[in-house]
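Close look at the chain arrangement
One letter stands for each residue in the lines below.
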Amino acid sequence: MILKSGRVVAEWGDTERVDHCFSCAKSFLSVVGGVAWDQGRFELGDRVADDVDDGGFDSDHNAKITWEQLFQQTSEWEGELFDRPDSVDRNRGVGKTDGPGKDQPRELEEPGTFWEYNDVRINRLALSLLRLHAKPLPRVLAHEVMDPIGASRTWEWHGYYNSKVDVEGTTMESVSGGGHWGGGFWSSTKDLARAGHLMLNDGEWDGKRLLSEAWVERATDPCDVYENYGYLLWLNTNRTLWPSAPESAYAFLGHGQNVVWIDPEHELVVVLRWLDLADDRDEREDQVNQDRFLEKLLAGV
């Protein structure tokens, strides 16, 4: 589906089919995080340990972690959550050669100094936000965002079979930030497009402020240690991810070429699912496929 200035200009396939969005769920965590920040529930530079007292930030190492580091995936949080240790993802892109140490977790760095895509730490952020809101995150997202933007009631957000926790005396499910080990965010293309349009409008919908412009600005600001990442959003800093697109473009990205791509310069929102533009050159990398699509799209704007 392609939106230009809020109008649907093209759509194909079944745009009402509810399907797994994989790591696009992380960007929805950014949205509910923005709701909490706008409500004054935390400050980005504060230590999470000062706001969340559940044992997850008691160690000397974890006690240093700030909210901003969790959102930027630079926290280096260490521990086990829902039977998964952080070390299961502490070698993504590292230790994949044939030498000694293959597939072994790397040594921890100081919080804020190293960027790593780590689903266990994302789930730790989801649990921390659950404790801040003291209500299930799907309910927060529905009430504060999805219902006001006119989304359907078909989207779902789940955790794991063992991710139920006690929050102020009530049992609640802590949702996951992706499809690893189950759970995840499920949505139609149309509902994803609405969420993308909210971001394009800097958090405003039909004259109503749902997210502060300040949060959207911070969320799309490059991380100091990895320029292509903001607050759980992928950025095109220096046109690195999508050379054919403007530097100001950013996206929700998930496995299976699930993409909510936002281009403020051209007032575009593009939702892609299961994109496959491979050719004889075997260009199957996600970013190559996306950029080839965007190149064709922008040539027609």
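The structure we're discussing is the one just above.
Residues numbered from 1 in each chain as written. Predicted model: local features only at pLDDT ≥ 70, side-chain atom pairs only at ≥ 80, totals over all residues. Heavy atoms only, no water.

**Some details on the overall build of the chain**
This is how it is decided: Numbering of helices and strands starts at the N terminus; helices are DSSP runs of H or I of at least 4 residues and strands are runs of E of at least 2. To get the radius of gyration, use the C-alpha atoms; to get the globule rule, take the number of residues to the power 0.38 and multiply by 2.2 Å. Throughout, exposure labels follow a simple rule: accessible area from a 1.4 Å probe, protein chains only, divided by the maximum for the residue type, with under 20% read as buried, over 50% as exposed, and the rest as partly exposed.
When helices and strands are counted, the chain shows seven helices and 14 strands. Its C-alpha radius of gyration of 19 Å places the chain within 12% of the 19 Å reference for a compact globule of 301 residues. Counting only C-alpha atoms and orienting by the principal axes, one finds that the chain spans roughly 55 × 50 × 35 Å. Sorting the 301 residues of the chain into buried and exposed places 53% on the buried side.

**Some details on the packing of helix 1 (residues 24-38) against helix 3 (residues 119-133)**
This is how it is decided: Axes, fitted as lines to C-alpha atoms, cover a helix only where it is in contact. Angles between the N-to-C directions of the axes lie from 0 to 180 degrees. An angle counts as roughly parallel when it lies under 35 degrees, as roughly antiparallel when it exceeds 145, as roughly perpendicular when it falls between 65 and 115, and as oblique in every other case. Left-handed describes a crossing whose near helix is turned anticlockwise from the far helix through less than a right angle; right-handed describes the clockwise counterpart. In this analysis, two residues are considered to be in contact whenever any of their non-hydrogen atoms come within 4.5 Å of each other. Three residue categories are used. Nonpolar comprises Ala, Val, Leu, Ile, Met, Phe, Trp, Tyr, Cys and Pro, charged comprises Asp, Glu, Lys and Arg, and polar comprises the others, including Gly.
Following both chains from N to C, one finds helix 1 and helix 3 inclined at 30°, their axes separated by 11 Å at the closest point. Put simply, helix 1 runs roughly parallel to helix 3. Here the hand of the crossing between helix 1 and helix 3 comes out left-handed. Packed against helix 1, whose contacting residues are K26, L29, V32, G33, V35 and A36, the element helix 3 presents D119, I122, A126, L129 and H133 at the interface. Class assignment of the residues belonging to the contact of helix 1 with helix 3 gives a composition of seven nonpolar, two polar and two charged.

**Here we look at a negative patch on the surface**
Threshold: Residues with no salt bridge and a relative accessible area higher than 30% make up the patches, which join like charges within 9 Å and nonpolar side chains (Val, Leu, Ile, Met, Phe, Trp, Tyr) within 5 Å. Per-residue accessibility takes into account occlusion by the displayed protein chains alone, with areas from the Shrake-Rupley method and a 1.4 Å probe. For this document, the term salt bridge refers to a Lys or Arg side-chain nitrogen within 4 Å of an Asp or Glu carboxyl oxygen. All tallies of charge rest on Lys and Arg as positive and Asp and Glu as negative; His and the ends of each chain are not included. We put the charge of a Lys on NZ, of an Arg on CZ, of an Asp on CG and of a Glu on CD.
A grouping of D202, E213, E217, D221 and D224 is seen on the molecular surface, where their side chains present a negatively charged patch. The exposure class of D221 is partly exposed, given its relative accessible area of 46%.

**Re unusual backbone geometry**
Look at F22: it is not a glycine, yet its phi comes out positive at around 50°. Examined against the element boundaries, F22 turns out to sit in the loop between strand 3 (19-20) and helix 1.

**Topic: the nonpolar core**
This is how the line gets drawn: Here the nonpolar core consists of buried residues drawn from Ala, Val, Leu, Ile, Met, Phe, Trp, Tyr and Cys, with membership extended through side-chain atoms lying within 4.5 Å.
Counting residues in hydrophobic clusters, the biggest one holds 91 residues, and the most contacted among them are W67, F71, L141, W157 and W261. With nine residues, helix 1 is the single largest residue contributor to this core. Sequence-distant contacts of W261, that is, excluding residues within four places in its chain, are made with W242, A245, A249, Y250, A251, L268, V269, V270, L294 and L298.

**Focus: the pattern of salt bridges**
For the structure shown, the criterion picks out 15 salt bridges. Residue K26 is joined to D119 by a salt bridge in which the shortest nitrogen-to-oxygen separation is 3.2 Å. Taken as a pair, K26 in helix 1 and D119 in helix 3 lie far apart in primary sequence, 93 residues in all. Classification of D119 by relative accessible area gives buried; the value is 2%. In this structure, E116 and R121 form a salt bridge, with 3.1 Å as the shortest nitrogen-oxygen distance.

**Some remarks on the side chain of E76**
For clarity, the cut-off: Contacts described as polar in this section are N or O atom pairs within 3.5 Å, which, within protein, must combine one atom able to donate a hydrogen with one able to accept it, while residues neighboring in sequence count only if both atoms come from side chains.
As for its placement among the helices and strands, E76 is situated in the loop between helix 2 (67-72) and strand 4 (80-81). In this structure the side chain of E76 is engaged in a polar contact, spanning 2.6 Å, whose partner is the backbone nitrogen of E109. Residues within four places of E76 in sequence aside, it is in contact with H61, N62, I65, R106, E107, L108, E109, E110, P111, F114, E116 and R121.

**Quick look at the side chain of K26**
With a relative accessible area of 1%, K26 lands in the buried category. Those residues in contact with K26 that lie beyond four places of it in its chain are Q73, Y117, D119, I122, G177, G178, Y229 and L232.

**Some details on the sheet that holds strand 6 (residues 156-167)**
To keep things clear, this is the line we draw: Two strands form a pair only when DSSP identifies at least two bridges running between them.
Strand order in the open sheet made by the four strands is 3-8-6-7, with antiparallel pairing throughout. Of all the strands in the sheet, just strand 3 and strand 7 (170-175) have a single pairing partner and so form its edges. The pairing of strand 6 with strand 8 (residues 184-187) spans three bridges and is antiparallel. Bridge pairing in strand 8 places E156 opposite W186. Against the sheet, helix 1 touches strand 6 and strand 8, its axis set at about 55° to strand 6.

**Section: the environment of N289**
Relative to the helices and strands, N289 is located in helix 7 (residues 286-299). The exposure class assigned to N289 is buried, which follows from its relative accessible area of 3%. Separated by 47 residues in the primary sequence, N289 and W242 have C-alpha atoms spaced 9.6 Å apart.

**Focus on the environment of T170**
With respect to the helices, strands and loops of the structure, T170 is situated in strand 7. T170 sits 35 residues away from K135 along the chain, and the two C-alpha atoms are 9.1 Å apart.

**A short note on the sheet that holds strand 1 (residues 2-4)**
One open sheet holds the six strands; their spatial order is 2-1-14-13-12-11, and the pairing between them is antiparallel. Edge positions in the sheet fall to strand 2 (7-10) and strand 11 (234-235), since each of these pairs with one other strand and no more. Sheet topology places strand 1 next to strand 14 (residues 268-272); three bridges connect them, and they run antiparallel. Considered in strand 14, the bridge of K4 is made with L268. Contacts between helix 1 and the sheet are confined to strand 12 (250-254) and strand 13 (258-263), with strand 12 contributing the most and set at about 130° to the helix. Packed on one face of the sheet, helix 7 meets strand 1, strand 12, strand 13 and strand 14 and runs near 140° to strand 14.

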